[in-house]
Amino acid sequence: MICNLGRLAFASIAILLGLLPAQMLGQTSDAAQKVFQHYFETKLRDEPEFATTTGHYENANEWNDWSRAGRQLRRKHAEQTLSDIEKLPANGISDSDELSVRLLKYDLRLQLDSEDLETHLIRVGQLFGFHNRVYTTVDRMPARTVHDYENLLGRLHGVPAYVSQNIDLLQESIARGLTQPKVVVDLVIKQVAAQAAQDQATTPLLIAFRHFPSNFPPERQQKLRDDGVATYEREFLPAWQKLLAFLQTTYASKERPEIGLSSLPGGREYYAILVRRLTTTNTPPEQIHKIGEAEVLRLEAEMLSVARETGFHGTLTEFDKKLEAMPEQHFRSKDEMLMFCRNAAKIIEPELPNQFKRIPMMLYGVRAIPEDREQATASNAQAPAPDGSVPGWFNLNAYQPEKQARYDKEALVLHEAVPGHIFQGSLARSQQNLPEFRKFYGNSAYAEGWALYAESLGAQLGLYGDSYSRYGRLASERFRAVRLVVDTGMHAMGWTRQQAIDYFGAHAPEVSLAEVDRYISWPGQALAYKTGQLKILSLRREAEQTLGPRFDIRDFHDAVLRDGTLPLELLQEQVEKYINSAK
């Protein structure tokens, strides 16, 4: 009765003060949910390639419309959603919905700010350029039913239009002076040429047409195989040759002379936009550069201390050379490298409950990056489809395994697979209380920051059993600190490519030079790793210091992960709520 009287009294006061009554709370939340749902459903319709990555295959026979009209329509939809979300009342909304509203506003504003750069500049790149998107999208498509095969054929039929639209788009980019430098253009041309040289028996685009489900009758298999081969040879290959010719002539003749984004008119502002987009902070590039230099010094001191554990008494450079000369610190084949990483993942998995309260279903494997892309593509992860229709993959760069270091591969497994990208992405997509758009929202600072932080958990997850692997973990983190220095150096401070190579040679000699070219092609992305990791480490220290003996690592990790991916500012707010509630 006291509680009921209290509610009545509060309701009366709320009415007198002009606050929203209880039913308005529900109405406002309903309105917010409708905006969230409409935004996600519109995004699925507007972006068939995105829809495929989420496990929605209703338009899996189509590509995004990259015509000017298609791009304008997507922008109009984003602007309309932003307008709708800004009209929602500031009060009368649940905490969860308020977080979703703030996240959607934040993301849409950054999307609109960075759209030109992501469309005209970053789409040409050796990692996730528009040419490779064809391959990665097809790789995410199921092949279990006749309808699935019709979708695959539909996408292959659509490649000529996809290529024509992208050539028109790049003509616009050239007219605006938004082109990539020679080193990036050469790498993309090399990849497209390698893809165009693949025949129907070797292209990954026809893997499904070489391995049919066992319940398909032989005559159906033959018909589909014939259709797939004919479409590849008569439609895909001519389109890819057309793209190759355009890149080799028209685009290459307009490549920008210098590697740094700041060399373009307005380039400093462009870089600032990408830094905000990829780090979710307003930290100036010059400050990021100094943070990177300080982190390199700190980590190298720790690395030297670990090197001493092995009985070594020389310099860090000398220790790196010693490791390079040790056959046991390298691999003899791709298969050996894959086996090592698969084994590390299986050591980790049963230890996960020691660090995490929620363990998602994780259907994933470890495989080598295809040969047409392996030389210029870094190891990466793809989350599984939420319904299990398509597995996730830790895509391992196994190029020249005899030259790759063994001692840093445990850290790489932690980063890309568990409890890094595949674990985090699977957990976010399994959260039933989140709107659909949040399950699939991503930003580099959170995702890469979490994955780099995950590398520090190896000792608690059954790894880092010797000094060499602990050294490898520190070397991996140093590599990400070097990125802070090199990325800002090239794009904000006028560094040449050779200066970047020299800095890498001095502070991360174990890393391929392909990394430098990656930062040239995708300005700002390399800043995300340490930026996000340093924020998570700072929040962990705050929790440990505030809670003392009440600190529980599983609760802390849950606070970081349970809301899915967030910009760092919103992540800090959520973790500090957990800290205050746990006092």
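Residues numbered from 1 in each chain as written. Predicted model: local features only at pLDDT ≥ 70, side-chain atom pairs only at ≥ 80, totals over all residues. Heavy atoms only, no water.

Enquirer: Help me out: how do you make sense of the packing of helix α6 (residues 130-139) against helix α7 (residues 146-176) in this one?
Expert: Relative placement of two packed helices is described by the angle separating their axes and the distance separating the axes. At a closest axis distance of 11 Å, the pairing of α6 and α7 adopts a crossing angle of 160°. The orientation of α6 relative to α7 falls into the category roughly antiparallel. The crossing of α6 and α7 is right-handed. Counting all contacts with α6, which are made through Phe 130, Arg 133, Val 134, Thr 137 and Val 138, the residues of α7 involved are Leu 152, Arg 155, Val 159, Tyr 162, Asn 166 and Leu 170. Residues that form the contact of α6 with α7 fall into these classes: seven nonpolar, two polar and two charged. (Axes fitted to C-alpha atoms, helices over the stretch in contact; angles between N-to-C directions. Helix = DSSP H or I, 4+ residues; strand = E, 2+ residues; numbered from the N terminus. Parallel < 35°, antiparallel > 145°, perpendicular 65-115°, else oblique. Left-handed = near helix turned anticlockwise from the far one by under 90°. Contact = heavy atoms within 4.5 Å. Nonpolar A, V, L, I, M, F, W, Y, C, P; charged D, E, K, R; others polar.)

Enquirer: In this structure, what is going on with the confidence of the model for the protein chain? I would like to understand it.
Expert: Atomic detail in the predicted coordinates should be set aside for any region of low pLDDT. The share of residues in the protein chain with pLDDT of 70 or more is 95%, and the mean pLDDT across the chain is 93. In this model, residues 1-25 is a region of pLDDT below 50 whose contacts with residues beyond four sequence positions or in other chains number eight contacts. (pLDDT = per-residue confidence, 0-100.)

Enquirer: How should helix α21 (residues 514-521) be read in this particular structure?
Expert: A turn of α-helix holds 3.6 residues, and therefore any two residues three or four places apart point the same way. With seven of eight residues buried, α21 is to be regarded as a mostly interior element. Considered for burial, the residues of α21 that qualify are Glu 515, Val 516, Asp 517, Arg 518, Tyr 519, Ile 520 and Ser 521. Looking at the packing, one finds that the buried side of α21 touches α8 (182-196), α19 (467-492), α20 (497-507) and α22 (528-547). (Buried < 20%, exposed > 50% of the residue type's maximum accessible area, 1.4 Å probe, protein only.)

Enquirer: Sorry if this is basic, but what is going on with the packing of aromatic side chains here?
Expert: When we look at a pair of aromatic rings, we describe it by the centre distance and by the angle of the planes. Scanning the model with the defined rule gives 27 aromatic pairs in all. Their ring planes at 55° and their centres at 5.1 Å tell us that Phe 312 and Phe 319 sit as a pair that is tilted. Neither Phe 312 nor Phe 319 differs from the other in exposure class; each is buried. Taken together, a centroid distance of 5.9 Å and an interplanar angle of 55° make the contact between Trp 495 and Tyr 503 tilted. Comparing Trp 495 with Tyr 503 shows no difference in burial state: the two are buried. Between Arg 155 and the ring centre of Trp 63, over which it is positioned, the NZ or CZ distance is 5.0 Å. The side chain of Arg 483 reaches across the aromatic face of Tyr 529, ending 4.2 Å from its centre. (Phe/Tyr/Trp six-rings, centres within 6.5 Å; stacked < 30°, edge-to-face > 60°. Lys NZ or Arg CZ within 6 Å of the ring centre and 35° of its normal.)

Enquirer: What exactly am I supposed to notice about the pairing of strand β3 (residues 392-396) here?
Expert: Successive side chains on a regular strand alternate, one facing one side of the sheet and the next facing the other. Across the five residues of β3, four count as buried, placing the element largely inside the fold. Examined bridge by bridge, strand β1 (residues 364-368) and β3 share five bridges and lie parallel to one another. Looking at the pairing, Val 366 lines up with Phe 394 of β3. Where strand β2 (residues 380-382) lies against β3, three bridges are found, and the strand directions are antiparallel. Its bridge partner lying in β3, Ala 381 is registered against Phe 394. (Pairing = 2+ DSSP bridges.)

Enquirer: Is there a simple way to explain the environment of Thr 565 in this structure?
Expert: Topologically, Thr 565 is positioned in the loop between α23 (553-561) and α24 (568-582). By relative accessible area, Thr 565 is classed as buried at 5%. Considering only alpha carbons, one finds Thr 565 and Gly 365, 200 residues apart in sequence, at a separation of 23 Å. Contacts of Thr 565, omitting those with residues within four sequence positions, involve Leu 103, Gln 424, Tyr 441, Gly 442, Asn 443 and Tyr 446. At a separation of 3.3 Å, a polar atom in the side chain of Thr 565 contacts the side chain of Gln 424. (Polar contact = N/O pair within 3.5 Å; in protein donor to acceptor, adjacent residues only side chain to side chain.)

Enquirer: Whenever I open this one, the packing of α19 against α22 confuses me. Can you help?
Expert: Packing of α19 against α22 leaves a shortest axis separation of 8 Å and a crossing angle of 115°. One finds that α19 runs roughly perpendicular with respect to α22. Contacts between α19 and α22 involve Glu 477, Arg 480, Ala 481, Arg 483 and Leu 484 from the former and Tyr 529, Lys 530, Thr 531 and Gln 533 from the latter. Its residues placed into classes, the contact of α19 with α22 shows three nonpolar, two polar and four charged.

Enquirer: Hey, could you run me through the pattern of salt bridges in this one?
Expert: Oppositely charged side chains are able to pair whenever their charged atoms sit close together. Summed over all chains, the structure comprises 40 salt bridges. In this structure, Glu 374 and Lys 334 form a salt bridge, with 2.9 Å as the shortest nitrogen-oxygen distance. Here the residue Glu 374 occupies a position in the loop between β1 and β2, and Lys 334 occupies one in helix α14 (residues 334-348), the gap between them amounting to 40 residues. It is possible to trace a salt-bridge network through shared partners that takes in Glu 295, Arg 298, Glu 302, Arg 473, Glu 477 and Lys 530. (Salt bridge = Lys/Arg side-chain N within 4 Å of Asp/Glu carboxyl O.)

Enquirer: I tried to follow unusual backbone geometry on my own but got confused; where do I start?
Expert: Excluding glycine, most residues fall at negative phi; most peptide bonds, likewise, are trans. Along the chain, Val 418 connects to Pro 419 via a cis peptide bond; the corresponding omega equals 0°. Looking at where Pro 419 falls in the secondary structure, it is placed in the loop between α15 (409-416) and α16 (421-430). One non-glycine residue, Thr 280, lies in the positive phi region at around 55°. Structurally, the position occupied by Thr 280 is in the loop between α11 (267-279) and α12 (285-309). Overall, Thr 280 belongs to the buried group, its relative accessible area being 7%. In this structure, Tyr 464 takes a positive phi of about 55° despite not being glycine.

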